[in-house]
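Survey of secondary and tertiary structure
Chain residues, written in single-letter form:
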Amino acid sequence: MAVTTGNIVSWIAALASTYGEQQSYLTELDAAIGDADHGSNMARGFAAARDDLQGDPPETPAAALKRVAMVLMKTVGGASGPLYGTFFLKAATTCPQANELNGDQLLEALAAGTEGVQQRGKAEVGDKTMVDALVPAVEALRESRTAGEEPAAMLAAAATAAEAGRDSTYPLVARKGRASYLGERSRDHLDPGATSTALLLAAARDHLAA
Amino acid sequence: MAVTTGNIVSWIAALASTYGEQQSYLTELDAAIGDADHGSNMARGFAAARDDLQGDPPETPAAALKRVAMVLMKTVGGASGPLYGTFFLKAATTCPQANELNGDQLLEALAAGTEGVQQRGKAEVGDKTMVDALVPAVEALRESRTAGEEPAAMLAAAATAAEAGRDSTYPLVARKGRASYLGERSRDHLDPGATSTALLLAAARDHLAA
Amino acid sequence: MKKAINRPEDVVVEALRGMEAAHPDRLRVSYEPKFITRADAPVRGKVALVSGGGSGHEPLHGGFVGPGMLDAACPGEVFTSPTPDQVEAATRAVDGGQGALHIIKNYTGDVLNFETAADLCRAEGLEVEAVLVNDDVAVEDSLFTAGRRGVGTTVLLEKIAGAAAERGQDLATVASLARRVNEEGRSFGMAFTSCTVPSAGKPTFDLGPDEIELGIGIHGEPGRERTTNRPARELVEQMAETVLGDLPFAKGDRVIAMLNGMGGTPLLELYLLYGEFARLAADRGLLVERNLVGDYITSLEMQGFSLTLLRVDDAMVELWDDPVLTPGLRWGG
Amino acid sequence: MKKAINRPEDVVVEALRGMEAAHPDRLRVSYEPKFITRADAPVRGKVALVSGGGSGHEPLHGGFVGPGMLDAACPGEVFTSPTPDQVEAATRAVDGGQGALHIIKNYTGDVLNFETAADLCRAEGLEVEAVLVNDDVAVEDSLFTAGRRGVGTTVLLEKIAGAAAERGQDLATVASLARRVNEEGRSFGMAFTSCTVPSAGKPTFDLGPDEIELGIGIHGEPGRERTTNRPARELVEQMAETVLGDLPFAKGDRVIAMLNGMGGTPLLELYLLYGEFARLAADRGLLVERNLVGDYITSLEMQGFSLTLLRVDDAMVELWDDPVLTPGLRWGG
Ligand SMILES: Nc1ncnc2c1ncn2[C@@H]1O[C@H](COP(=O)(O)OP(=O)(O)O)[C@@H](O)[C@H]1O
Ligand SMILES: Nc1ncnc2c1ncn2[C@@H]1O[C@H](COP(=O)(O)OP(=O)(O)O)[C@@H](O)[C@H]1O
Ligand SMILES: [Mg+2]
Ligand SMILES: [Mg+2]
Ligand SMILES: [Mg+2]
Ligand SMILES: [Mg+2]
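In this convention, every chain numbers its residues from 1, walking through the sequence in written order. Note on labels: chains are lettered from A, ligands numbered from 1, in written order. Thresholds applied to this predicted model are a pLDDT of at least 70 for local features of residues and 80 or more for the giving and counting of side-chain atom pairs; totals over whole chains, interfaces and linings are not thresholded and use all residues. Calculation of side-chain values draws on the structure's entire complement of heavy atoms; hydrogens and water are dropped beforehand.

**Some remarks on the sheet that holds strand β4 (residues 72-78) of chain C**
Residues and elements named next belong to chain C. Heads up, the condition is: The criterion for strand pairing is that DSSP finds at least two bridges linking the strands in question. Numbering of helices and strands starts at the N terminus; helices are DSSP runs of H or I of at least 4 residues and strands are runs of E of at least 2. Between N-to-C directions, angles cover 0 to 180 degrees, with each direction set by a line fitted to C-alpha atoms, over the stretch in contact for helices.
Read across the sheet, six strands follow the order β1-β2-β4-β3-β5-β6 without closing on themselves; strand pairing throughout is mixed. For this open sheet the edge positions go to β1 (27-31) and β6 (128-133), each flanked by a neighbour on one side alone. Ignoring strand direction, the axes of neighbouring strands in this sheet form an average angle of 20 degrees. The pairing of strand β2 (residues 34-38) with β4 spans two bridges and is classified as antiparallel.

The following block contains the structure:
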C-alpha cells in the first residue's frame, strides 16, 4: 500500500498521455483568459519527463520527482513550468532516502510541493490559479490520512477535491497570472492551471497507488 | 440636333453620379480579375472632372473635352486614367473650333478617341479590355451616321453596341492589362473597363443629345 | 473591414503626413501633387532616381527615399499607379542637372503614366531615362499578357542603382546598370490570405481555410494557381525551383536573396522560410552573398511572402554594401 | 490555420536556423539550450545585456542582439517564457567580466524563470542584476493583478541601456538607467484581429466584423475593453490620452515615441496613425525628439498597434542616438 518509484514513473507516463489528449482543451481554456499555450506547455513538459524517466529509470521516489522537476523547469517555460517544477522539486526534498512512500510521506511530499508553489507564485486560494486545486487536494489528503486511510483512498479523496477546486475557479475573478489582466472578464471560465492540476491528481489516483 | 458644350458638361455630371453609384460594382468586377480599384478610380476621376467643368464652364466642346482629359490624367492613375484621358484628349483635337458638334463631328471625335486608346494601350478587339466596348460603339456610330441618322439615334445605337461589346468580354481570356496575368482564369468575368465604357456610352445616349 | 484609417479617400495623404512627421530631418513631402523627396534634394551633379507606383506596398517606394537610394517617390492611390503630373513634378524637384532615371514596375498603368510624365519632362528639357522592372516569373507567357510584373527585384534595383548614382555615375551608366539588375533578378510570390483595398472595403479575393494562391501579384491580383497549403519546406522548394529554373541560376552563382513578407506574415515565419531557402541554396551550390528578410514590398495586410534572387558580381555586391540612409533600408556611412 | 511553418513544435528552432543563416556575420545561435548572442560575445569589460521571452514578438528580442543593444536573447516557445537553463547559459556565454543585466518583461512566467536563472548564475559567481519592465497602462489595478505587463518600453529600454553598456558604464549604472527608462515609459495597445498560436491552431480570440479590443496584451491576452471600431483619429486620441494621463506627461516634456505594429498592420496605416499622433502631440505641447514607426514588438500576425511614450532628457537622447547594429534596429557607426 505504498507509492513506489515505478508508480511515479507510471504516473508521469499517464500524465504525458493525458496532457497530450487534453492539449487542445487546456489551450482553449487558456485562449479564453490567457495566451493559448497551456496545453502545449503541459504536453511538451510531461512528454519530456516521461521520456527522461523511461530512458534511465530512477532509483528512488525522490530521484524520480527531482528528475521530473528538472525536466519541467527546462522544457515548459511560462508560469506553469517553474510552478510545477517547484511542486515536484519541493516534494522530492521531503523523502530523500525513502525507497517508497507511505501515506504520511505521500502527504508530506504533496503538501511541501503545494507550499512551494504558493511561495513561488504568491497566490492564495481564490486567486483563480492552480493553487485553487492544489490546496484542497492537500487538505483532502490530510483528512483522509488523519482518518487512517492509505494512499489509494487518500489519492481518491485528493482527486475529488482537486476537481471541486478546479470547478471553484469558474466564477472567480483572477488576481494572479495572465488572467488577472482581464479583471471582471475573467469570470465564468475555468482556470487552465487548476484544470491541469485536477488532471494531475486524477492520474495520481489511478497510478500512484496501483 | 447637335451636341453642345452644355451637353458635354451634363454628360460628365451624369457620369460622375453613375460611377459614384456603380463604384462598388466596378470594383467588384476588378477584384475578380484585377486589383479592386477600378470603381474608385472612375468615381474619383469623374467627380473631379465634373467639379472642374462646373467650377469654370468651358466655352467649346473641344475645351470641355480637353479639360476632362487633363483632370482624368491627373486624378485617376492606373491603366484607365491615361486611357480615358487619351480618349477625351484625342476627341478634343478633332473639333478645335466647333461651338457644337453635328453627327459627323461627333463620330469623328469618338472615333479619334478610340483610336487614341488603341494606340496607347495596344489592345485589339478580343483582348478583354475597354476596347471591346469602344470599337463596336464607334462602328455603330458610323453605321448610324452613314444611314443618315442624327446624334440622338447615333448615340442610342452606340450605347447598345457598347453594352454588347461589354458582354462580349465575359467569355474571353484577357491578353492586356492586369487580368491577362490570370490566363484561363480570366474567363467568365466581365471586363471592368469595358463595363465602365458601356456606362460612359449609356450616359452619352441620355445626355449628349438631349 | 477593420483598418486604422479615417476615410478611405484620405488614406494616402494622411499616411504621407505621418511619414513627414516621422522623418522631418530626412524627407520632404509635397501634397499637390503628391511626392516624397530626400531632404537634401536636388543633389547637384547627381543622377536623380525617381520611382513610384500605387500605395499599399510600403516601405516601397517612399520608405526607400534617401541618400544611397531614391531621390523621389510618387505614391498613387492604393494599388493605383501615380499620375504623370506627380512624376513630372517630382522629377523636376530632384533633378540635379545630370538627368533622371525613372524606375517603373511593369504594369500597364505605371507604364502609361510614367511614359506621359517622361514626355512632359523632356518637353521641359529634362533628360530622362526609364528602366522597366519585370521580374515576376509567375507570369509565364509574356506574349499573351501585359508582360511580367515588376515585384521584388525593384527593391534590390533601387538600392544598387541608388548607390551607383550616389557615387556620381552618369545617367547612361546608371540606367544600364539598372537594366542589368532587372535582367538578373527573378521573383515569385504566394498568398495565404487576401488584402483589402480601403476603398473597396472587402477582401479582393477569398481563399478557403486550406487554400493558398501561388504566383500572387502585389496588388492581390490572383496568381498562377490556387492550391492547398503545404509545409513551409515544400512551399519554399516549389517557389525556389521556379525562380531558379527561370534565369536559370546555376551552381556557383553568387546571389542576393530577399525573403519578403507581404505585410501580414509574422517575422518569425519569414525567418523560418529563409532558413528553408538557405538550406536549399546550399544544396544547390548557390552562394548567397547578401540577404534581406522582412517586409520590403508588401500588399497591405496580405499574409504571404515572396522570394527574390538576384545574380550579382563583385561590382554589384560593392554597390549593395554602399551606405544607404532611408526609413526602410539603412546601413553604413 | 494557414501559416508558413512545418510542424508547430519546430517553429522556434527552425526560425532560429533562418536567423543564423540570415545574419552569419553578426549573430551566433545556440540550439541546446536555445539562445542568440552577438557574434563578438563575450565583449571583455562590458556589462552584458540579456533578455528573452516567448517567441512571436519578433524582432523582439533576437532581432535586437548586436553592438549597442543586447548581448543575448533567449527565445521561449511561442508566447511562453524561456526556461532558466537558457537564460543561465546565455548569461554565461556573454559575460564579459562586468556582470549582466537581465531585462525581463513583467509576466509571471518570465519573472519566475528569470529569477531561477539569476539564482543559478549567482551560484556560479556571476554578478546579475535584473530590471522589470511594466509599462502597460492598460492594466489599471496592479493590486489585484500580476502587475502591469511589459510591452513597448522594452524596445526603447534595450536600445538605451544597450548604448550605456556599450559605452562601458558599470552594472549598477546601467541597471539604474534601465529602471529609470522603465519608470518614464508608458504604452497602450489595441487589436483589430487575433493572432493564432501555431500549436493552438486557431485564433486566440474572436472579434466581430466591427469589434476591436482596447488594451490588448502582446500575447493576444484579451484587453481592457471590447468595443466598436472607430476612425483612426479617435483611436489614437483615446489611446494617447490614456498614455499621457498615466505618467502623467506634461506640456514641454520631451519624448521618444514609438508607433508599433502588432505584426499584421500595413505600414501605410502605421504611418497614418503616427501622423494622427504627431498632430495630437503638437497640440499638447509635447516635444517628440525621436520616433520609431513600424513592427518592433509584435504579436504574430495580429492586426493592431500600440503607442509607447518615453520621457527623456539629453542623456537619454544621446544614448538613443548612439550607434546600434542589430537586425531590427540599425544606425550610426
Ligand atoms: N502566481 C501564480 N501562482 C500559481 N499559479 C499561477 C500563477 N500564475 C499563473 N498560474 C497558473 O499558471 C496557469 C497558466 O500557465 P501557462 O499558460 O502554462 O503559462 P503562461 O500564463 O505564462 O502562459 C494559470 O492558469 C494558473 O493556474
Ligand atoms: N492595354 C490596355 N488597353 C486598353 N484597355 C486596357 C489596357 N489595359 C487595361 N485596360 C483597361 O483598364 C481596366 C482596368 O482599369 P483600372 O482598374 O482602373 O486600372 P489598373 O488595371 O491599373 O488597376 C481594364 O478592365 C481594361 O478594360
Ligand atoms: Mg498561457
Ligand atoms: Mg484595377
Ligand atoms: Mg490599380
Ligand atoms: Mg504563455
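Don't stop here, the text continues.
**Overview of the domain arrangement of chain C**
Residue and element names in this part refer to chain C. For clarity, the cut-off: An automatic or database domain assignment supplies the start and end points of every domain. Working rule for contacts: check all heavy atoms of both residues, and any pair within 4.5 Å makes them a contact. The term buried area refers to how much accessible surface (probe radius 1.4 Å) is lost by two components on association, counted for both of them together. Whenever Lys or Arg places a side-chain nitrogen within 4 Å of a carboxyl oxygen from Asp or Glu, that contact is recorded as a salt bridge.
Annotation of chain C at the domain level lists domain 1 (12-184) and domain 2 (185-325 + 327-331). Placing the centre of domain 1 and that of domain 2 at their C-alpha centroids yields a distance of 21 Å. Tallying the contact residues gives 44 residues for domain 1 and 48 residues for domain 2. Taken together, both faces of the contact between domain 1 and domain 2 bury some 3800 Å²; the carbon and sulfur share is 62%. If you look at where domain 1 meets domain 2, you find five salt bridges.

**Digging into the coordination of the magnesium ion (ligand 4)**
Put simply, the rule is: Donors, by definition, are the N, O and S atoms found within 2.8 Å of a metal, the threshold being 3.2 Å for Na, K and Ca, and water is not counted, so a site can look incomplete.
At 2.0 to 2.2 Å from the magnesium ion (ligand 4) lie its protein donor atoms, namely D30 of chain B (OD), D35 of chain B (OD) and D37 of chain B (OD). Within one chain, the residues donating to the magnesium ion (ligand 4) are spaced in sequence as D-x4-D-x1-D.

**A short note on the relation of the copies chain D and chain C**
Note the threshold: The least-squares superposition of copies is restricted to C-alpha atoms, and to residues with a pLDDT of at least 70 in both copies.
Once chain D has been moved 0.0 Å along the axis and rotated by 180 degrees, it coincides with chain C to within an RMSD of 0.0 Å. Here the transformation between the copies is reduced to the relation of a two-fold axis. Relative to the rotation axis, the closest C-alpha in chain D is found at G264 of chain D, a distance of 2.0 Å. The residues that chain D uses at the interface reappear at the interface of chain C in 100% of cases, marking a shared surface.

**Here's the deal with the coordination of the magnesium ion (ligand 5)**
Filter applied, for reference: Only protein chains enter the area calculation, which uses a 1.4 Å probe; residues under 20% of their type maximum are buried, those over 50% are exposed, and those in between are partly exposed.
Those donors, D35 of chain B (OD), D37 of chain B (OD) and F79 of chain C (O), are the protein atoms that reach the magnesium ion (ligand 5), and they lie 2.1 to 2.3 Å from it. For the pair the magnesium ion (ligand 5) and the magnesium ion (ligand 4), the metal-to-metal distance amounts to 3.4 Å, and D35 of chain B bridges them. A relative accessible area of 5% places D37 of chain B in the buried class.

**A short note on the site of ligand 1**
Put simply, the rule reads: One heavy atom suffices: a residue is near a molecule or strand as soon as one of its heavy atoms comes within 4 Å of it. For this analysis, a polar contact is any N or O atom pair within 3.5 Å, provided that within protein one partner can donate a hydrogen and the other can accept it, and provided that sequence-adjacent residues contribute only side-chain to side-chain pairs.
Contacts to ligand 1 come from 21 residues, most closely from D35, H38, S80, G121 and D191 of chain A. Flanking ligand 1 are residues from chains A and D. Within the side chain of D30 of chain A, one N or O atom sits 3.1 Å away from an oxygen atom of ligand 1. At 2.9 Å, a backbone N or O of G193 of chain A approaches an oxygen atom of ligand 1.

**Concerning the interface of chain B and chain C**
Counting residues at the interface gives 30 residues for chain B, matched by 37 residues for chain C. Area buried by chain B at its contact with chain C is led by R120, Y181 and R185 of chain B, which between them contribute 27% of it. For the pair chain B and chain C, the number of links is four salt bridges. Taking the shortest distance from any N to any O, the salt bridge between R120 of chain B and E115 of chain C comes out at 3.2 Å. The interface formed by chain B and chain C includes 14 residue pairs in polar contact (both at pLDDT 80 or more). Broken down by element, the residue count for the side of chain B that touches chain C peaks at five residues, all from helix α2 (residues 23-33) of chain B.

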